[in-house]
Amino acid sequence: MLTDKEKEAFQLYKDGCTCSQSVAIPFSEELKLDKETIYKLTEGFGGGVGGQQEVCGAVSSMSMVISMIRSYCDYKGSSKQETYRLIRKACDKFKEEYGSIRCIEILHGGKPVHGMCGLKIKKAINILEEITGEIK
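Keep in mind the model is a prediction, meaning the values are calculated, not measured.

Asks: Help me understand the overall build of the protein, please; the structure alone is not making it clear to me.
Replies: The secondary structure content of the protein amounts to eight helices and zero strands. Ordered by position from the N terminus, the helices and strands of the protein form the series α-α-α-α-α-α-α-α. What you see for the protein is a C-alpha radius of gyration of 14 Å, in line with the 14 Å of a compact globule of 136 residues. A principal-axis box enclosing the C-alpha atoms of the protein has dimensions of 45 × 30 × 25 Å. Looking at the protein as a whole, 41% of its 136 residues are labelled buried. Look at the contacts in the protein between residues 6 or more apart in sequence, and 59% of them connect residues 24 or more apart. Split by element, the accessible area of the protein, about 7,700 Å² in all, is 53% carbon and sulfur. Charged side chains of the protein number 20 positive and 19 negative; the gap between the two group centres comes to 4 Å.

What follows is the structure in structure tokens.
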């Protein structure tokens, strides 16, 4: 059974959003941002940052969501270490599944998997639901 966020993410992706947009937009309530703003903020993360197949767009959006929810924004960096820890945890969970956080390695390394971007989106949503639940 898919969660509401997974359903929304899959519909967004089906409608033409990037993997990064599809991961971040379902968290609009938690981010306290409208979906259009999130759409614009995350558009350039798609395809591994501007289509370069570097860091996966789903991973970039996980980092953005965690940062937006976790940062204290006190300009002293007091939340930075915990934010970094949570992002590393998210990346480690993603790597456990796909062996990398780089788009080119995930999509072209080893045996290609049909529907890979959809699977990455689902995994990123699952990871974010778990980690955002830990943030107080």
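Asks: For this particular structure, what's the right way to read the pattern of salt bridges?
Replies: Pairing of side chains with opposite charge becomes possible as their charged atoms draw close. Scanning the entire structure with this criterion turns up nine salt bridges. Salt-bridge contacts for Glu-54 lead to Arg-102; the nearest nitrogen and oxygen are separated by 3.1 Å. Highlighted residues: Glu-54 in the loop between α4 (35-42) and α5 (57-70) and Arg-102 in the loop between α6 (80-98) and α7 (103-108), separated in sequence by 48 residues. What makes Glu-54 partly exposed here is its relative accessible area of 35%.

Asks: Before we go on, may I ask you to explain α6 in this structure?
Replies: For an α-helix, the turn length of 3.6 residues means that residues three or four places apart are oriented alike. Between its first and last C-alpha, α6 extends 26 Å over 19 residues, near the 27 Å set by a 1.5 Å rise per residue. Within the sequence span of α6, burial applies to Thr-83, Leu-86, Ile-87, Ala-90, Cys-91, Phe-94 and Tyr-98. End-on view of α6: buried residues confined to an arc of 135°, all on one side of the axis. Within α6, the exposed residues directed more than 90 degrees away from the buried face are Gln-81 and Glu-96. Of the surrounding elements, those touching the buried residues of α6 are α5, α7 and α8 (116-134). Gly-99 occupies a position one or two residues after α6 and carries a positive phi of about 80°.

Asks: Where do I start with the side chain of Ser-28 in this structure?
Replies: In this fold, Ser-28 is placed in helix α3 (residues 28-31). According to the relative accessible area criterion, Ser-28 is buried, its value standing at 12%. In contact with Ser-28, not counting residues within four places along its chain, are Leu-33, Lys-35 and Ile-38.

Asks: Can you walk me through the nonpolar core in this structure?
Replies: One recurring pattern in soluble globular proteins: nonpolar side chains tend to sit buried together. One finds Val-23, Val-59, Met-62, Val-65, Ile-66, Phe-94 and Leu-128 to be the most contacted residues of the largest nonpolar core, which totals 33 residues. Of all elements in the fold, only α1 (4-14), α2 (19-24), α5, α6 and α8 reach the threshold of two or more residues within this core. In this structure Met-62 touches Val-23, Ala-90, Phe-94, Ala-124, Ile-127 and Leu-128, once residues within four positions along its chain are discounted.

Parameters and conventions
- Residue numbering note: each chain is counted from 1, following its sequence as written.
- Totals for whole chains, interfaces and linings use all residues, but because this is a predicted model, local features are given only for residues with pLDDT of at least 70 and pairs of side-chain atoms are given and counted only at 80 or more.
- Remark: hydrogens and water are excluded; side-chain values derive from all non-hydrogen atoms of the structure.
- The numbering of helices and of strands both runs from the N terminus, where a helix is a DSSP run of H or I of at least 4 residues and a strand a run of E of at least 2.
- Between the two quantities, the radius of gyration covers C-alpha atoms and the globule rule is 2.2 Å times the number of residues to the power 0.38.
- Note on exposure labels: buried denotes an accessible area under 20% of the residue type's maximum, exposed denotes more than 50%, and partly exposed covers the range between, all computed with a 1.4 Å probe on protein chains only.
- For this analysis, residues touch if any pair of their heavy atoms sits within 4.5 Å.
- Here the accessible surface of atoms and residues is derived via Shrake-Rupley with a 1.4 Å probe, and residues count as covered only by protein chains that are part of the display.
- As used throughout, the charge tally considers Lys and Arg to be positive and Asp and Glu to be negative, leaving His and the chain termini uncounted.
- A single reference atom marks each charge: NZ on Lys, CZ on Arg, CG on Asp, CD on Glu.
- Every case where a carboxyl oxygen of Asp or Glu lies within 4 Å of a side-chain nitrogen of Lys or Arg is listed as a salt bridge.
- Helix span is expected to be 1.5 Å times the residue number reduced by one.
- This arc corresponds to the set of directions leading from the helix axis out to the C-beta atoms.
- Residues grouped as a nonpolar core are buried Ala, Val, Leu, Ile, Met, Phe, Trp, Tyr and Cys residues, joined through side-chain atoms within 4.5 Å.

Such coordinate-based values are descriptive only and should not be taken to indicate function.
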